[in-house]
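Geometric and topological summary
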Amino acid sequence: MPLIPHRFAPDPANETFLSLLYRFFFFDWLFADIDQSKSLIERHAAWSHNFEMRKYLPAYLRRWGALGFAAFFTGGLCDRVFEAQLAASCCYTGFSVTIAVMAVIAAAWLMLARPLAR
């Protein structure tokens, strides 16, 4: 039984820059929603699909890590060199958000580490 494509599945013909940017940083379009499953077989298929898609989460973790490093570096540059505390605080806030997103990605990766018992 094939999985129904996710609502954010890419459509190459109508791909916009913003949707590419969204797909570059956010991973929810990769996973099937288990709560939408009606039967046990569909639930197992969704879990198996999510278990297989887990392998892409470290790439998203690296992307957010690079974004966090850039935000922290830019905040330090604004603070030390340009003495612009407001800009630095915005960059440090962005860094804090990236840390929270990285924690969610790591938790999702760890929770999907165990295959479903058969």
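Computed from a predicted structure; not experimentally measured.

Counting secondary structure elements, the protein contains four helices and zero strands. Listing each helix as α and each strand as β along the protein from the N terminus yields α-α-α-α. Residues classed as buried in the protein amount to 22% of the 118 residues present. In the protein, the proportion of contacts linking residues at least 24 apart, taken out of those at least 6 apart, comes to 57%. Counting only carbon and sulfur atoms, one obtains 69% of the accessible surface of the protein, whose full area is about 8600 Å².

A word on the confidence of the model for the protein. Summarising the model, the protein shows a mean pLDDT of 90, and 90% of its residues fall at 70 or more. No element of the protein has a lower mean pLDDT than helix α1 (residues 17-25), at 92, and none a higher one than helix α3 (residues 57-80), at 98.

Turning to the packing of α3 against helix α4 (residues 85-111), a few remarks are in order. Running from amino to carboxyl end, α3 crosses α4 at an angle of 165°, the nearest separation of the two axes being 8 Å. Here α4 runs roughly antiparallel to α3, going by the angle between their axes. Crossing geometry of α3 relative to α4 is assigned as left-handed. For the contact of α3 with α4, a count of residues per class yields 20 nonpolar, eight polar and one charged.

Turning next to unusual backbone geometry. Although it is not a glycine, Glu83 sits at a positive phi angle of roughly 50°. Along the chain, Glu83 turns up in the loop between α3 and α4. According to the relative accessible area criterion, Glu83 is exposed, its value standing at 59%.

If you look at the biggest cluster of nonpolar residues, it comprises 15 residues, and the most contacted ones within it are Phe27, Leu30, Phe31, Leu57, Tyr60 and Ile105. Contributing elements (two or more residues each) for this core: α2 (40-53), α3 and α4. Apart from residues lying up to four places away in sequence, Ile105 is in contact with Phe27, Leu57, Tyr60, Leu61 and Trp64.

Compared with an ideal rise of 1.5 Å per residue, which puts 14 residues at 20 Å, α2 spans 20 Å between its outermost C-alpha atoms and is within 8% of the ideal. Within the sequence span of α2, burial applies to Ala46, Trp47, Asn50 and Met53. End-on, the buried residues of α2 take up no more than an arc of 125°, which puts them together on one face. Facing away from the buried surface of α2 by more than 90 degrees, the exposed residues are Leu40 and Ile41. On its buried face, α2 is in contact with α3 and α4.

So, about the pattern of salt bridges. Summed over the entire model, instances satisfying the criterion amount to one salt bridge. Note that Glu15 is salt-bridged to Arg23, the shortest N-O span being 2.8 Å. Judged by its relative accessible area of 24%, Glu15 is partly exposed.

Definitions and limits used
Residues numbered from 1 in each chain as written. Predicted model: local features only at pLDDT ≥ 70, side-chain atom pairs only at ≥ 80, totals over all residues. Heavy atoms only, no water. Helix = DSSP H or I, 4+ residues; strand = E, 2+ residues; numbered from the N terminus. Buried < 20%, exposed > 50% of the residue type's maximum accessible area, 1.4 Å probe, protein only. Contact = heavy atoms within 4.5 Å. Areas by Shrake-Rupley, 256 points an atom, 1.4 Å probe, with all protein chains shown as cover. pLDDT = per-residue confidence, 0-100. Axes fitted to C-alpha atoms, helices over the stretch in contact; angles between N-to-C directions. Parallel < 35°, antiparallel > 145°, perpendicular 65-115°, else oblique. Left-handed = near helix turned anticlockwise from the far one by under 90°. Nonpolar A, V, L, I, M, F, W, Y, C, P; charged D, E, K, R; others polar. Core = buried A, V, L, I, M, F, W, Y, C linked by side-chain atoms within 4.5 Å. Expected span 1.5 Å × (residues − 1). Arc of directions from axis to C-beta. Salt bridge = Lys/Arg side-chain N within 4 Å of Asp/Glu carboxyl O.

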